[in-house]
Every structure is written in structure tokens, then in C-alpha cells.
Amino acid sequence: MKKLFAMLLALAMVLSLAACAGDNTPPATTPTVNEDPTVDATTDTSAPEMTAEEKALAEAEIRYAISLLFDRNYIVDEIGQAGQVPASSFVAMGMTDADGSEFYKNAGSSDEYDGYYNVSEDAIEDNYAEAYAILTKYYEVDESGKLTNFPTLTYLYNTSDSHKAIGEYLQSALASIGITMNLENQEWNTFLNTRKNGDYSIARNGWLADYNDPICFLDMWITESGNNDVQFGKEDHASLAIYDLDLTDLGYDVKVENGTWAETYDVIIPLIKTCTDSDTRYALMHKAEDLLMSTGAIVPLYFYTDIYMVDDSVEGFFANPLGYKYFYNTTVNGSDETISVCLSSEPDTIDPALNSAVDGATLVSHLFAGLAKWGTDENGNLIIVADCATELPEGVVNDDGTVTYTYTLKSDLKWSDGAALTAKDFEFAWKRAASEALGADYGYMFEVIKGYPNELAVEATDDVTLTVTLNNAVAYWNELLAFPTYFPVREDVVANEGWATDASTYVSNGAYTMTGWEHNSTITLTKNE
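Residues numbered from 1 in each chain as written. Predicted model: local features only at pLDDT ≥ 70, side-chain atom pairs only at ≥ 80, totals over all residues. Heavy atoms only, no water.

*Asks:* Explain the pairing of strand β6 (residues 243-246) to me, please; I cannot follow it from the model alone.
*Replies:* The two faces of the sheet receive side chains in turn, since in a regular strand these alternate between them. Residues Y243 and L245 of β6 are buried on one face, while the alternating residues D244 and D246, pointing to the opposite face, are not. Direction of pairing for β6 relative to strand β7 (residues 255-259): antiparallel, over a ladder of three bridges. Along β7, the bridge assignment pairs D246 with K255. (Buried < 20%, exposed > 50% of the residue type's maximum accessible area, 1.4 Å probe, protein only. Helix = DSSP H or I, 4+ residues; strand = E, 2+ residues; numbered from the N terminus. Pairing = 2+ DSSP bridges.)

*Asks:* Sorry, what's going on with the pairing of strand β4 (residues 181-186) here?
*Replies:* Sheet topology places strand β3 (residues 153-158) next to β4; six bridges connect them, and they run parallel. Bridging across to β4, Y157 finds its partner in N185. Crossover β3 to β4 through helix α4 (residues 161-175) is right-handed. (Right-handed = clockwise from strand over helix to strand, strands pointing away.)

*Asks:* Help me understand the packing of helix α7 (residues 265-274) against helix α8 (residues 278-294) in this model?
*Replies:* Two measures define how a pair of helices packs: the angle their axes make with one another and the distance between the axes. At a closest axis distance of 9 Å, the pairing of α7 and α8 adopts a crossing angle of 155°. Taken together, the axes of α7 and α8 lie roughly antiparallel to each other. Considering the relative orientation of α7 and α8, their crossing is left-handed. Residues Y265, I268, I269, L271 and I272 of α7 form the contact with α8, whose participating residues are R281, L284, M285, K287, A288, L291 and L292. Tallied by class, residues from the contact of α7 with α8 come to ten nonpolar, no polar and two charged. (Axes fitted to C-alpha atoms, helices over the stretch in contact; angles between N-to-C directions. Parallel < 35°, antiparallel > 145°, perpendicular 65-115°, else oblique. Left-handed = near helix turned anticlockwise from the far one by under 90°. Contact = heavy atoms within 4.5 Å. Nonpolar A, V, L, I, M, F, W, Y, C, P; charged D, E, K, R; others polar.)

*Asks:* Any chance you could explain unusual backbone geometry here in plain terms?
*Replies:* When glycine is set aside, most residues are seen to have a negative phi, and most peptide bonds are trans. Between Y452 and P453 the backbone carries a cis peptide bond, its omega angle lying at 5°. Structurally, the position occupied by P453 is in the loop between α10 (423-434) and β17 (458-462). Look at N333: it is not a glycine, yet its phi comes out positive at around 55°. Structurally, the position occupied by N333 is in the loop between β12 (331-332) and α9 (358-367). Classification of N333 as exposed rests on a relative accessible area of 66%.

*Asks:* Hey, could you run me through the environment of F191 in this one?
*Replies:* Following the sequence through the fold, F191 ends up in helix α5 (residues 188-196). Residue class for F191 comes out buried when judged on its relative accessible area of 0%. Along the chain, F191 and N158 lie 33 residues apart, while their C-alpha atoms are 5.8 Å from each other. If sequence neighbours within four positions are ignored, F191 has contacts with L156, Y157, N158, Q186 and R204.

*Asks:* What's the story with the pattern of salt bridges in this structure? I'm lost.
*Replies:* Think of it this way: side chains of opposite charge can pair up when their charged atoms draw near. In this structure the tally under the stated criterion is 13 salt bridges. For R490, the salt bridge is made with D417, and the minimal N-O distance between the two is 2.7 Å. You can see R490 sitting in the loop between α11 (477-481) and α12 (491-494) and its partner D417 sitting in the loop between β16 (403-408) and α10, a full 73 residues away along the chain. Residue R490 is classed as buried on the basis of its relative accessible area, which comes to 12%. Between K424 and E427 there is a salt bridge; the shortest N-O distance is 3.4 Å. Pair noted here: K424 and E427 are both in helix α10, with a separation of three residues, about one helical turn. Given a relative accessible area of 8%, E427 falls into the buried group. (Salt bridge = Lys/Arg side-chain N within 4 Å of Asp/Glu carboxyl O.)

*Asks:* Help me out: how do you make sense of α5 in this one?
*Replies:* Given 3.6 residues per turn, any residue in an α-helix points the same way as the ones three and four places further on. Here α5 has its buried residues at W188, N189, F191, L192, T194 and R195. Contact partners of the buried residues in α5: β3, β4, β5 (202-208) and α9. Looking one or two residues past α5, G198 carries a phi angle of roughly 75°, positive in sign.

These values are about where atoms sit, not about what they do.
Quick look at the structure:
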């Protein structure tokens, strides 16, 4: 007998609209939208030509208008049909606020609804009217009321029937107001790289929590983040001085009017990470999301559910709220000899430091072991437990407010090639992953450690002892230790740039060893004794 599970993930399905307009800026006599890479607006012939800042603010308003045209209830009820929830914010439901309530329910400034959009079923007409009023400020309409000079857009998505179905709905919703949007699908790895480079006008995106804290939905949008696919703070967007940030009500000497992304968003995120007062820290995160959503470049559609079917013969399998699946204790009909698992497409990379996708993380979590890992207690509840470390100790608060942790590794830890694993391997791996030289998407996850990025305060004092000093107390520190980016790699192994592309050169330290890799077909993992 098969049991169907639907687990609500801390994940938001969104549209990304690149933050900065392309080089093909239209003349002031032609109100238009620049197809690549984002929305661009100009005034009519009777108005003076817009400054770059005025143009950028108009673009943000137009992006917001587009976001209002989509019926999120139709998407989840008629297309998704798997218990998804219409999204009114980017920080996903499931993330808690300082008082224990859900963060997204306190987002935005409306007294009538939660978040930044009214996503109730009866709000679509009012949303459409608001969108129409905005768009007709910038574009001409014909006798039927449809826009006549909004250039063609292209929606980029990765190949999937469900993604295509959603794209077709988005296409029809825009067509109803006179906007033509073509659909373009790409294979997963190609799609990731296209989006990462900002080579799109509108793209599908989804973000899953990396740990149970709203900051993991917010720190990805700093200028230098490897996950900043919207290109905030880059190229032409870097010089746009259009953002306001006032933190004086929270006790900070920060008040910026008409600042750049670097002067506002890149300022508030580090303050969040160093703040030790819970109420203030969460208030800062709400201000950060307010700033993010003011750009219009992030268009939340729905919060995911994770649907999977498990047969009664399967025991020991579990999944966590990050979307990872765990099979290292799994048996089928009491046997653990062979388990076949479908992970969709082949991961772009399974280097723990460079991977930034769920499929790759699931593989890496079986092939590597960090200081900590996800597990379950006797009641099946998810917990973080020690893995390579003998225990997960409390940190020691230093006089300057920093916090030092000292970890002792278990004895006789080995790499898959038989070499001894030492604390020095963790030190090397963390410094490599955090370094500017590597440029890892998740390098910023080490920002909580003193000396980030290039002087990380982590040291192997002997073969089994690792010390690390954080800038301040971090509530989700143990969850970071269980995250794949914090897994160890060995210096001599990764010196071979192709080490993570072939079973013969793939050296790991986890519950499984890679024993075969037929690219774009099968990866074989063999459980270690």
C-alpha cells in the first residue's frame, strides 16, 4: 500500500525580473518596455525625458503592476492541485517571527491582508484595476482597452510540464491586457546558468529555506551573493540612487535617502547578522523584505508543497523542510541491498562548496558528512545531531561579544580512499568555500564567522580539534553545520578541477561512496560498512 505525503515546504515559487534595464533604451517619444533584460518605461512626448532614477522608479512600478495581474488562487487550485498556498510575500510561510507567529503574516504595511499583495479569491478584480491604472500611465491603449505598445517579453523556465502549464497561464493573463509574452524552456543546468547571468526578462525561480530563519530568504540578494540572479547592485543598477533606508527607530545611526543598493540593502543584511536582540533583529528583517519587495523584481506566486509517495515496504526514509530526501537508513521489504531513486536531472555540480540546488544537495548529503547532520528522534521528529563531531557544544561568549566553539572529531574518521580525515580538512574546506577566489554561490553563508571572507577565524589546533569564532551568537548555527556548504573536502583532491565529475576521482567521507557515474543517466552510490 502506498501512502501519499504532502509536506509544506518553506519555499517560495516566484518570478524573477532582472533589476537593471538593458542598453536598448527607447526614446522619450515612445513609451515602451525594454525586452532584455527587464521592464523599462519612458514618458510621452509632452513630458521631459526621464532621468535614470525616474526611469528606474517607473520600471519598479510597472513590475509591481505585472505582479497584480496573476490569479494565484487559479494557479494553485487549477494547475498545481497539490495543496500549494498563494504567496503574498517572498519569505515563505513556516518561517517564524520574534514572537513565534509566522513571519509572512506580519509582512507588508496593509491592515487588510497579510504580505505585499491581497491574494484572496475576491481580490483579483481590484488587483487588475490597480494594475491597469498603473500601466496606462506609461502605455497607449486601443479601443478595446488593451495596451498597444508594450514590447514582447519572454518567460524563461526549466523543462517541465507543470512549469509549462504555469507559464501558459501567465502568458494568457498578460495577453488579456495586451502584453505578449513568449515561452522559452531550457534544460535544468542550462537554465540555471542563463538565469544566473541575468540573461532574461522574466524567469521562473523558487527558493527553499537553507535553515529555519527568515534571513536565508533575504541575504541571497546582496550585491555579491552568488544567488543574486536578479542582478541587484550590478552593472547599471549599481549606480541607481533610488532606495531609502531609515533604521533610526531601531537605534541605528542609519538614515539613507536616495541611496544605491550597496548603501541600503547591502548595509541592512550585515546588521541583521550581527544583531543579538531578537525583536530588533526581526524588525530589521521586515525592513529588508520591504526594501526587496519595493523593487517589483520579485513576484511571489505560491508556497510549495513537497509531494511524494512512499510504499509500506519502505522504512527509514525521511525528508526535511529544505526539500532534501534521506535514504541512508532506508530499507525496502527489510533489505537495504539496492534502492533506486529518481532525482530529476543530473546536478550541475556535486562539489559541496559549489552546489546550490536541491538535487545536488541530496546527493552530497549522502556522500559527505559534516560536523552535524539532519536526523530523526524516536518519535520521527526532525532534529540536528552530531555527525563527524563527538557532540555539538555550547559556544563560549568572549569579552568582545564574539562566540567561540570548539569541536572534537570522532576517532578514526576516514575518506573514501582510506586516508585519514582530520580537523585540517574542515579548516581548508570552510576557508575555500568562503573565499572570494572560489566565488561559491553559498560563500556568504560563512559571513557569520569572524574574518569572512578571506581571513576566516577557523583553526585546526590538532588532528581532531577544530575551533571557530563567530561574530556573535547565531541561533541557527547548528543548522549551518548540517548544510552541505559546510561539509569537508580534501585539499589534494580538489586540486584536480575535474574531481567532482567522475566516480574515479570523487573522494568523500559520508555514509555512501560513489562507485559509478554514467552521465545524464545513473549515479551509483555504495553504502559504507
